[in-house]
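Below, each chain spelled out in residue letters.
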Amino acid sequence: MKYFIKIALSFSIVLVFGLAHAQQNTGLRYIESENVASLNPYENSSLRMVNIRFHELMFEGLFRYDHNQEEFVPVLAEDFSAIDGYTYDVKLKENVFWHDGERLTVDDVVFTFNYAKDESNLRSLSMFFNNTISEVNKINDRTVRFSFFNPNLGENLMSLTYWILPEHLLSEGPAARREFARRPVGTGPFEFSQITIQGTGRLVRNNRYHGKVPNISNVQMDVLPDIDTATLRMRDGQSDLLVNTPISRIEEFERTHRLEPFQSYNVHAIGINFENPLLQNRDLRRVLVHGFDRRRSLNQWFNGRGSVLAGPFTSSSPNYNPSLQVMEYDVDRAKELLRRAGFNTDRQGRALDHDGNPIRLNLLVKQQLVTGMSNVIQDFIEQMKAIGIDVNAQFEISERYERRLYFEKDFDLALMEWVINPVYDVSHLFISDNIYPGGHNVMSYRNSQIDELFEEYRNTDATRRLRRSQIMYEIQNILATDIPCIFLFNFDQYAVFSNRFSYTLIDPFAFFTFVNEWEILDYYE
Amino acid sequence: MIIMSNDRTKNVLYLLLKNAAVFFISLFIICLLLALVPDTAIPSEISYFERVKDYLTISYLFSYDYSVSGNFLISELILHGSKLTFTLIFLSLLIVLIIALPAGLLVASEKNAMFQKLFAGTLSLLSPIPILIWASLLMLLVFVFGNMVPLYIDFEDGDFRTRMFVLLIPVAAIALGDGILLDFYNKIRDETRKVMNEPWLKAVKARGLPIYNHVLRALLLPIFITLSSKITYLISGIIIVEYIFAWQGLGFMIWRSLETPGAKDYPLILGSVKVLLFTVFLFSFIRDILTYKLNPQLMK
Amino acid sequence: MIIHLNFRFILGIMLLFILIGMNVFAFFFSDSIIKNGTPARPPSLYLFQKVLYHQPIEEETVEDFFSFTVPEEIDQDAEELIFSRNPKRTATVGREYRYVPSSQRLRSKASFWVEEGPSGMKYEDGAFIWTPDTTQIGKYDISLATQMIDSETIRSIRFKLFSDKKPFYFGTNERGNSVLGLMIAGSKWSILPGFIAVLIAVFGGLFLGAYSGYNKNLSSNIVDGATLVLESIPALLLFFLAAVIFSFNIYIVMIAVGLVLLPANINVIKSTVKHFVDCQFVESSKEIGFADNQILYRDIIWYNCKPIIISQIANCFAFAIMVEVTLSYLQFGIQVPEVSWGNILLQGKSDIYKGEYWMVFFPSLVIIMSLLSFYLTGNGLSRLLDPRKNST
């Protein structure tokens, strides 16, 4: 009895604190697991999601891609007109102000794109810009002319979604850039206020925002690398939003918080190295798929929040083939396939290859895994052992993992994770042109049919939607039967909100795109 | 030269140079090892020796810049981190001294033999428990019985009471773990016993004068020597201590920089290592000076 | 040699035998040690559950349907009636599970029943009893209710009950592996990697310390300098870098461990040798014609340094265990699916906040036990071999 009182008392103390906090707080406190890198979006050392989310609060681009409607929406631009397939004129919105009071002009746009194309800045982005945009020119005080290399409308407009930077603060030289990196200025719904050494970032509402002024008065980002402490803070009510919740920990929030799902494009798979002659045998690959109970792993470690995949597309991607059938777990079929392929089992139950040696496969894994994936790997190893195949997991730090995967091709199986942006295509993973040290087709997968189909897809005009879908369906069917890799899961993604918020629409990539429309419940204020 | 004519100065200089040489050579070895760490952000044209040279220039010259994140200067980060790290270390050693000093001095009064035996016995059973295990068990106990979890993040925003509460578990774990308390207690007890057997102290006691300031003065050097060796020990293990408690000191920053793929902050790592090595250098130099002052003939 | 067994030595040897036994088990029966059960099952001893397992029990009170006001007088007995004793959370197939909800006096004033539970669970003679059979394995949501005579209020509690074929005395982890099995399997990294560290630290320290203590030439100065440098490098950073550079190979890290422990050993041996090297018998031995090595090793070291070396060996093994646990805890040592004590601690760390303490508590005890075994044995053995020294 005393014990229950003690629990209730301490819980109520914490609750009172939390509530007191919430009552004074019309702001949003969210938790990230990593520190933000540079505050200048074009000078990061890596394109991590933490940075993209934080910058989305402060900066905006000319356009924005709405993943629900699958169309481009103008943000800082008012309109665009295509002169021809390669040249577009974009008209800028009037009366947009930077956070320091200056007006947004066409010079800012021109400066930003030249800055982004400069290779001394973020290299991976500058390569993309240099391959897509050939020229940016000022036409008049409100119009910019873009010249592109390819007439691909989707890709071209995508390049116009990147953030615009102020020319008056950045063009003066390295000292000005340093100052900007410490105090960034954008046009977005929130203004930068402070960042501390621990990584806590604070933003305040931009009252002169050109769109709907946000309901939220301030935003604070806390950095808690440990998921347990983050969970505790969410439970205590000291934070309102957990952005990167590992899917295996979602259950802890189910009853007390809002779970806002957003489309996830992550694909987990075990890649197969086709340079190993054993693995070129399709029956052996089928054994690997049939012998691994993916559904049970998904249910046990992730509570079924996701789906088992049969191909590289998730159900929310365009051109997903809904009639695709997942190869189910069937140990007997796996053993029969093993026998049919000519791999006998010895007395101890181990499978032997054609030379009489036991089959041993290396599974290359990156050291820092998504929470819960280590259990999936253990399941895989156990189930393969039950069939007779000895799988040995090798953990490497991410540098050495990439070197072994991309350059040395020193693996038999490798656990991989892709984030597939629906506007881009997945051909770079499967076409044989990409088989070279550093190329994305790390599996060395060669299939002339697939190559031809992807080529045809690229050459088919975007308006012929039916034909394009047909090609994609065909590709998925072939990949499902040919098994270039063991496709594992696509996990649902949730952001965990406290119940203070009633309307929280999020963007699957940039997250805070609609933050100015979020609503806080009144009785907490 | 005037400065070299004095034998004592020559010896002091020798000690200084010896410790400084140790400092620089350790830094050099760390640079050599750091250059072996695989890093994909470094283009493959840069050879191993160029990398070593790069790190050596960063560490030996004070050419610091903004950290990889670009938000703060390396010096700001290191200052902040060292404040936290040294708070932890010195606070724990202070607590250790507060416990060990009176307990060891009880030998002087020659009463409470039972208490001493009990204390020494418990300590020697508890002392092999490493800091990591103490930390896990303490966090477990505080959560199970107190239902509260002191988090580091409360330390930043909190007032004095919150800060003390957050510091409670780390300081307790460090003070109790790895035999630190036991070593201090043993040392103090042995030295007190040694001093008590000295004839001049017996004379002072026979006169009825207070002995404690004499005893304490005799204890200063041994305590300082143990202190310096424990500081070296704690600095060696600083990474794991700070990782367990998510304490954002120098060790945590080193660990975080080493494990982020693609954005390893070498100036930060080298700067933190430099500060830690400098602390070790300082304490061992002072220890050598004090030992020399006590026994000048040891320096041949 | 006077046989002077003391308590510490005996305790240490016993613990050491247990550790070696665990090692043997781990190596020869590695496949069948880890038993599988229901995931996250608490340890079976009621004492542990009562004291340490604070998984919240949900209470529900359903008031009288027809009255909306709080009763004026609160019946003291009614307050206490809410299942004043915590139920046991584990049950084993074939053994009776028994839960006595409250004291005798209160039980006579109320009726109890099972609202939700496995078939076969019932309230009889003052206790809830259930004997699970072989088909009833897994996690059950139990709801038990009580109602006082003359009252309309029904109070109930809900909790989770685990039933398995075997009584897992130390519980299971999230995969269902028994913690006892995991601890035994993890012990295989406790002794074997330590041998490399001992080889380098103790024997290297012996030879280098003896050499630098006996001679006074350039090489001994180099050894002194190297000792100083090795002393001041932060040890954990060195292990870290070794793990990262050599792909988490624990044996390479043990080489680094040996190097880090070397300076202390060298200093001790050196000071002992230096103490004796100026003695008369050394000069006389040289006059007679004994070789330097003979004097050094047979006369000085063998007679005086045995206890030192033994305690150094013990310390070395203990330190090696601690380094392995620390590195695995940081995810830079032994990786899954290999089991090691640090791994278990890492996986169990996040379960503390759910109240599942056993994945951290018992492995910690085993680590402490293994460290103690080395320290006590080393201490006791060194005291055995040199009873002249004062006990400290």
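**What about the overall build of chain C?**
The secondary structure content of chain C amounts to 14 helices and eight strands. Taking all contacts inside chain C whose residues are at least 6 apart in sequence as the whole, residues at least 24 apart take part in 74%.

**Notes on the overall build of chain A**
The helix and strand tally for chain A stands at 16 helices and 22 strands. Computed over its C-alpha atoms, the radius of gyration of chain A comes to 26 Å, within 12% of the 24 Å expected for a compact globule of 525 residues. Principal axes of the C-alpha set define a box for chain A whose edges measure 80 × 80 × 40 Å. The proportion of buried residues among the 525 residues of chain A is 38%. Long-range pairs, those at least 24 residues apart, make up 67% of the contacts in chain A with a sequence separation of at least 6.

**Describing unusual backbone geometry**
Residue C:Pro337 is bonded to the preceding C:Val336 through a cis peptide linkage, with omega at 0°. Relative to the helices and strands, C:Pro337 is located in the loop between helix H12 (306–329) and helix H13 (341–349). Phi at A:Phe511 takes a positive value of approximately 70°, unusual for a residue other than glycine. Mapping A:Phe511 onto the fold places it in the loop between strand E21 (501–503) and strand E22 (519–520).

**Thoughts on the sheet that holds strand E3 (residues 97–99) of chain C**
Residue and element names in this part refer to chain C. Ordered by their spatial adjacency, three strands build an open sheet running E3-E6-E5, and the pairing between neighbours is antiparallel. Two strands close off the open sheet at either side, each with one partner strand: E3 and strand E5 (122–124). Within this sheet the neighbouring strands show an average axis-to-axis angle of 30°, counted without direction. The pairing of E3 with strand E6 (residues 127–130) spans three bridges and is antiparallel. In the sheet register, tyrosine 99 faces E6, and the bridge partner there is phenylalanine 128.

**A few points about the sheet that holds strand E9 (residues 201–205) of chain A**
Residue and element names in this part refer to chain A. In spatial order, the strands read E8-E9-E10-E1-E11-E20-E12; together these seven strands make up an open sheet with mixed pairing. The sheet is open, and its two borders are formed by strand E8 (190–195) and strand E12 (258–262), each paired with just one other strand. One ladder, built from five bridges, connects E8 with E9; its direction is antiparallel. Pairing of phenylalanine 192 across the sheet is with leucine 203, part of E9.

**Some details on the interface of chain A and chain B**
A common measure of how large an interface is: the accessible area buried when the components associate. Each partner contributes to the interface: chain A provides 24 residues, whereas chain B provides 23 residues. Secondary-structure elements contributing two or more residues to the side of chain A that touches chain B are helix H1 (2–24), helix H7 (174–182), helix H8 (227–236) and helix H13 (398–408) of chain A. When residues of the side of chain A that touches chain B are assigned to their parent elements, the largest contribution, five residues, is made by H13(A).

**Re the interface of chain B and chain C**
Listed as interface residues are 34 residues of chain B and, on the opposing side, 33 residues of chain C. Listing elements by their share of the side of chain B that touches chain C, those giving two or more residues are helix H2 (7–34), helix H6 (131–146), helix H9 (180–196), helix H11 (212–236), helix H12 (238–245), helix H13 (250–259) and helix H14 (266–294) of chain B. No other element matches H6(B), which puts eight residues into the side of chain B that touches chain C.

**Digging into the nonpolar core**
In terms of nonpolar packing, the biggest core is built from 285 residues, with B:Leu181, C:Phe239, C:Phe240, C:Val253, C:Val257 and C:Cys316 touching the most fellow members. A total of 16 residues in this core trace back to one element, the largest contributor, which is H12(C). Not counting residues up to four positions away in its chain, the partners in contact with C:Cys316 are C:Gly194, C:Ala197, C:Val198, C:Ala201, C:Val202 and C:Leu261. Counting eleven residues, the second-largest nonpolar core is a separate cluster that includes C:Tyr99, C:Phe112, C:Ile142 and C:Leu161.

**Side note on helix H11 (residues 331–340) of chain A**
All names here are of chain A. Within H11 the residues assigned to the buried category are Ala334, Leu337 and Leu338. For H11, the angular spread of the buried residues around the axis is 105°, confining them to a single face. Turned more than 90 degrees away from the buried face of H11 sit Asp332 and Arg340, all of them exposed. Residues of H11 that are buried sit in contact with helix H9 (282–290) and helix H12 (373–387). Glycine 342, located one to two residues past H11, shows a positive phi value of around 95°.

**Some remarks on the packing of helix H7 (residues 218–232) of chain C against helix H9 (residues 250–277) of chain C**
Residue and element names in this part refer to chain C. Contact geometry of H7 with H9 gives a least axis separation of 8 Å together with a crossing angle of 130°. By the angle between their axes, H7 is oblique relative to H9. For H7 against H9, the interelement crossing comes out left-handed. Of the residues in H9, those in contact with Thr227, Leu230 and Glu231 of H7 are Leu259, Val260, Leu262, Pro263, Ile266 and Asn267. Looking at the contact of H7 with H9, its residues break down into six nonpolar, two polar and one charged.

**Side note on the pairing of strand E20 (residues 493–497) of chain A**
All names here are of chain A. The buried fraction of E20 is high, at four of five residues. In this sheet, E20 lies alongside E12 in antiparallel orientation, the contact comprising five bridges. Looking at E20, one finds that phenylalanine 262 is bridged to glutamine 493.

**Brief notes about the confidence of the model for chain C**
Residues and elements named next belong to chain C. Taken residue by residue, chain C gives an average pLDDT of 82. The fraction at 70 or more is 89%. Within the model, pLDDT remains below 50 along residues 67–74, and this stretch shows one contact once partners closer than five positions in the same chain are excluded. Reported confidence for the predicted complex is 0.86 by ipTM and 0.85 by pTM.

**Thoughts on the packing of helix H6 (residues 188–214) of chain C against H7(C)**
Axes are the key here: two packed helices are described by the angle between their axes and the distance separating the axes. All names here are of chain C. Packing of H6 against H7 leaves a shortest axis separation of 8 Å and a crossing angle of 125°. With respect to H7, the element H6 is oriented oblique. As for how H6 packs across H7, the hand of that crossing is left-handed. Facing H6, whose interface residues are Leu208, Tyr211 and Ser212, H7 presents Ser220, Val223 and Asp224.

**Topic: the environment of C:Val273**
Residue and element names in this part refer to chain C. Here valine 273 is to be found in helix H9. Separated by 59 residues in the primary sequence, valine 273 and tyrosine 214 place their C-alpha atoms 6.5 Å from one another. Once you skip the residues sitting within four places of it in the chain, valine 273 turns out to touch Gly209, Ala210, Gly213, Tyr214 and Ile300.

**Notes on H6(B)**
Residues and elements named next belong to chain B. The first and last C-alpha atoms of H6 sit 21 Å apart over 16 residues, in line with the 22 Å expected at 1.5 Å per residue. Taken as a whole, H6 has its buried residues at Ile131, Leu132, Ile133, Trp134, Ala135, Ser136 and Met139. Residue asparagine 147 follows H6 closely and has a positive phi angle near 55°.

**Considerations on the environment of A:Ser217**
Residues and elements named next belong to chain A. With respect to the helices, strands and loops of the structure, serine 217 is situated in the loop between E9 and strand E10 (218–223). The class for serine 217 is partly exposed, based on 15 C-beta atoms found within 10 Å. For the pair serine 217 and methionine 384, spaced 167 residues apart in the sequence, the C-alpha separation amounts to 54 Å. Beyond its immediate chain neighbours, meaning those up to four positions away, serine 217 contacts Thr26, Gly27 and Arg205.

**Re the environment of A:Ile52**
All names here are of chain A. Within the element layout of this structure, isoleucine 52 appears in helix H2 (residues 49–58). By C-beta crowding, isoleucine 52 is classed as partly exposed, having 17 other C-beta atoms within 10 Å. Along the primary structure isoleucine 52 and leucine 241 are separated by 189 residues, whereas in three dimensions their C-alpha atoms are 16 Å apart.

Scoring rules and cut-offs
- Residues numbered from 1 in each chain as written.
- Chains lettered and ligands numbered in written order.
- Predicted model: local features only at pLDDT ≥ 70, side-chain atom pairs only at ≥ 80, totals over all residues.
- Helix = DSSP H or I, 4+ residues; strand = E, 2+ residues; numbered from the N terminus.
- Contact = placed C-beta atoms within 7 Å.
- Rg over C-alpha atoms; globule rule 2.2 N^0.38 Å.
- Buried ≥ 20, exposed ≤ 12 C-beta atoms within 10 Å, placed from the backbone.
- Pairing = 2+ DSSP bridges.
- Axes fitted to C-alpha atoms, helices over the stretch in contact; angles between N-to-C directions.
- Core = buried A, V, L, I, M, F, W, Y, C linked by C-beta atoms within 7 Å.
- Arc of directions from axis to C-beta.
- Parallel < 35°, antiparallel > 145°, perpendicular 65-115°, else oblique.
- Left-handed = near helix turned anticlockwise from the far one by under 90°.
- Nonpolar A, V, L, I, M, F, W, Y, C, P; charged D, E, K, R; others polar.
- pLDDT = per-residue confidence, 0-100.
- Expected span 1.5 Å × (residues − 1).

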